[in-house]
Amino acid sequence: MDLNELKKQQLELSKKLKLQDKIDIRNIRTVAGIDTTFLNPYKEPTLALSSIVVLDLTDFSVKEVVYGQKMIDIPYIPTFLAFRELPSIMEAYKNLKSKVDVFILDGQGILHPRKMGIASHFGVLTDTVTVGCGKTHLYGEYKHPENKPMSYSYVYADGEVRGYALRVKKNTNPIFISPGNNISLESSLYVIIKTVKDYKLPEPVRLAHNYLSEYRKRILQEVKDG
């Protein structure tokens, strides 16, 4: 695996980024969460499993759940996550029937050294509206938000604002929000705040994780049963 070649691919894709609102974000209705896991995360090759869960924001009901899987042999390397996870995500995306206004991915958007976190990478490949929601800090500098619900601070990288550190609940660590593609900086934060319900993570991403955990259990049982 040639990391320099992968960097070149990311830089080429970054030229296609669109960081303006493609749609009227204030009127979004369907938002999908995307998550990925692995049958054996500490071994290559392994089976990557992805889920996409589509929610109707009028009542937070689940409209559709689809899965994808793909054998991959790329290890986890920081800033190259998309090359490990996108093959199975794209398989899930092929199965999607719902019209989705915004996709939220468990990972970074432009909060990335080459502005090409997994949310941006997926967004450019599919020309969809995407937002990155990372559980941990990857790139950039920030001050911790105030210790109160929905407080946030800017994350700066390479001399510009790239995203937000958002403290959803008091006494919890912040999550890291950034535009993926076809959305502005301010709108990316709006989408996350609009999709948070009772937990730290946005509801589409939280449910994608939960559905995926059950799916992984079923696959493991199938493997065990031969």
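The structure this text deals with has already been given above.
Residues numbered from 1 in each chain as written. Predicted model: local features only at pLDDT ≥ 70, side-chain atom pairs only at ≥ 80, totals over all residues. Heavy atoms only, no water.

K.L.:
Outline the packing of aromatic side chains, listing residues and values.
P.N.:
Under the defined criterion, the tally for this structure stands at nine aromatic pairs. For the pair Tyr 142 and Phe 176, a centre-to-centre distance of 5.1 Å together with 75° between the ring planes defines the contact as edge-to-face. Of this pair, Tyr 142 sits in strand 6 (residues 141–142) while Phe 176 sits in strand 9 (residues 175–181), placing them 34 residues apart in sequence. Ring centres 5.5 Å apart and planes at 85° place the aromatic pair Tyr 152 and Tyr 164 in the edge-to-face group. Here the residue Tyr 152 occupies a position in strand 7 (residues 151–157), and Tyr 164 occupies one in strand 8 (residues 160–167), the gap between them amounting to twelve residues. We classify Tyr 164 as buried; its relative accessible area is 3%. Among the aromatic residues, those joined into a cluster by ring pairs are Tyr 152, Tyr 154, Tyr 156 and Tyr 164. The ring centre of Phe 38 lies 3.9 Å from the NZ or CZ of Arg 84, which sits over that ring. Note that Arg 206 overlies the ring of Tyr 199, its terminal NZ or CZ placed 3.9 Å from the centroid. (Phe/Tyr/Trp six-rings, centres within 6.5 Å; stacked < 30°, edge-to-face > 60°. Helix = DSSP H or I, 4+ residues; strand = E, 2+ residues; numbered from the N terminus. Buried < 20%, exposed > 50% of the residue type's maximum accessible area, 1.4 Å probe, protein only. Lys NZ or Arg CZ within 6 Å of the ring centre and 35° of its normal.)

K.L.:
Now, about the sheet that holds strand 6: what can you tell me, with residues and values included?
P.N.:
Paired through backbone hydrogen bonds, the strands of a sheet run either parallel or antiparallel to each other. On the basis of which strands lie adjacent, the open sheet formed by nine strands has the order 3-2-1-4-5-9-8-7-6 and mixed pairing. Each end of this open sheet is capped by a strand with a single partner; those strands are strand 3 (61–72) and strand 6. In the sheet, strand 8 pairs with strand 9 via three bridges, with the strands oriented antiparallel. What sits directly across from Tyr 164, in strand 9, is Ile 177. In the packing of helix 5 (residues 203–225) onto the sheet, contacts are made with strand 1 (30–38), strand 2 (46–56), strand 3 and strand 4 (102–106), and the angle to strand 2 comes to roughly 140°. (Pairing = 2+ DSSP bridges. Contact = heavy atoms within 4.5 Å. Axes fitted to C-alpha atoms, helices over the stretch in contact; angles between N-to-C directions.)

K.L.:
Explain the pairing of strand 3 residue by residue, including any values.
P.N.:
Summarising the sheet, strand 2 and strand 3 pair through eleven bridges and their orientation is antiparallel. If you follow Val 53 over to strand 3, its bridge partner there is Val 65. Remark: four residues form the turn of the hairpin made by strand 2 and strand 3, two consecutive strands paired antiparallel; Phe 60 in that turn has positive phi of roughly 60°.

K.L.:
If you had to explain the packing of helix 2 (residues 81–94) against helix 3 (residues 118–126) to someone new, which residues and values would you point to?
P.N.:
Two quantities define a packed helix pair, namely the angle between the helix axes and the distance between the axes. With their axes 10 Å apart at the nearest point, helix 2 and helix 3 run at an angle of 45° to one another. Classed by the angle they form, the pair helix 2 and helix 3 counts as oblique. Note that helix 2 runs across helix 3; the crossing there is right-handed. Touching Leu 81, Ala 82, Phe 83, Glu 85, Leu 86, Ile 89, Met 90 and Tyr 93 of helix 2 are Ile 118, His 121, Phe 122, Leu 125 and Thr 126, all from helix 3. Here the residues of the contact of helix 2 with helix 3 sort into ten nonpolar, two polar and one charged. (Parallel < 35°, antiparallel > 145°, perpendicular 65-115°, else oblique. Left-handed = near helix turned anticlockwise from the far one by under 90°. Nonpolar A, V, L, I, M, F, W, Y, C, P; charged D, E, K, R; others polar.)

K.L.:
Provide a residue-level description of the environment of Glu 214, including the pertinent values.
P.N.:
Relative to the assigned elements, Glu 214 resides in helix 5. In this structure Glu 214 comes out as partly exposed when scored by relative accessible area, which is 41%. In this structure, the C-alpha to C-alpha distance between Glu 214 and Thr 195, residues 19 residues apart in sequence, is 22 Å.

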